[in-house]
Amino acid sequence: MMDCLFCKIAAGEIPSKKVYEDDRVYAFYDIDPQAPTHFLVIPKQHIASVAAVDVSNSAVVAHCFEVITKLAAELGMESFRVVSNIGEQAGQSVFHLHFHVLSGRDMTWPPG
Ligand code: 5GP
Ligand code: ZN
């Protein structure tokens, strides 16, 4: 999608600190980290949010979670939180599906 920040980051048109990349998924550190480790895992294809996941695109979402598990193991993360905000009220500010992966500090529940 032309005017999507994360499409541009996934395509390398906007610089980011890469954690991982393959043909379908890109992972990069959040510019405003909310934990000692905070990176985002995104599909390269444009999907607006979890609310736009369906049978045509769910395979890449499953792959995002395979990547999250692999990166968590590689980075030695034994405890971590995966978050995806859907819609403005829930805190979504970039409308390209992304999974926040946060680790390295105590976390509270329920989230704010
Ligand atoms: P959301 O608010 O949609 O759940 O998450 C969007 C996330 O993207 C935020 O945590 C924000 O800090 C991050 N972000 C926004 N713009 C950029 C950017 O240009 N580069 C990087 N690396 N992260 C960004
Ligand atoms: Zn996009």
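Summary of the structure given here.

**Looking at the site of ligand 1**
Right, on to step 1. What surrounds ligand 1 is a group of 16 residues, the closest being Asp30, Asn85, Gly91, Ser93 and His100.
Right, on to step 2. Measuring from an oxygen atom of ligand 1, one finds a side-chain N or O atom of Asp30 at 2.5 Å.
Right, on to step 3. Relative to its unbound accessible area of 520 Å², ligand 1 is 82% covered by the protein chains.
Right, on to step 4. Comparing atom positions with the cavity grids shows ligand 1 to sit within the second largest pocket.
Right, on to step 5. Elements that contribute at least two residues to the shell around ligand 1 include exactly helix H1 (5-10) and strand S2 (25-29).
Right, on to step 6. For the shell around ligand 1, the element with the highest residue contribution is H1, accounting for three residues.

**A short note on the layout of surface pockets**
Right, on to step 1. Of the volumes computed, that of the largest pocket is approximately 340 Å³.
Right, on to step 2. Secondary-structure elements contributing two or more residues to the lining of the largest pocket are strand S4 (80-83) and strand S5 (99-103).
Right, on to step 3. Grouping the constituent residues of the lining of the largest pocket by class yields five nonpolar, six polar and two charged.
Right, on to step 4. By volume, the second largest pocket is sized at about 190 Å³.
Right, on to step 5. Contributions of two or more residues to the lining of the second largest pocket are made by H1 and strand S3 (37-43).

Cut-offs applied
- Residues numbered from 1 in each chain as written.
- Chains lettered and ligands numbered in written order.
- Predicted model: local features only at pLDDT ≥ 70, side-chain atom pairs only at ≥ 80, totals over all residues.
- Heavy atoms only, no water.
- Near = heavy atom within 4 Å.
- Polar contact = N/O pair within 3.5 Å; in protein donor to acceptor, adjacent residues only side chain to side chain.
- Areas by Shrake-Rupley, 256 points an atom, 1.4 Å probe, with all protein chains shown as cover.
- 1 Å grid on protein atoms, 1.4 Å probe; cavity = no way out; pocket = protein on both sides within 12 Å on 5 of 7 lines; lining within 4 Å.
- Sits in = over half its atoms within 2 Å of the grid points.
- Helix = DSSP H or I, 4+ residues; strand = E, 2+ residues; numbered from the N terminus.
- Points joined across faces, edges and corners; volume = space filled by probe spheres on them.
- Nonpolar A, V, L, I, M, F, W, Y, C, P; charged D, E, K, R; others polar.

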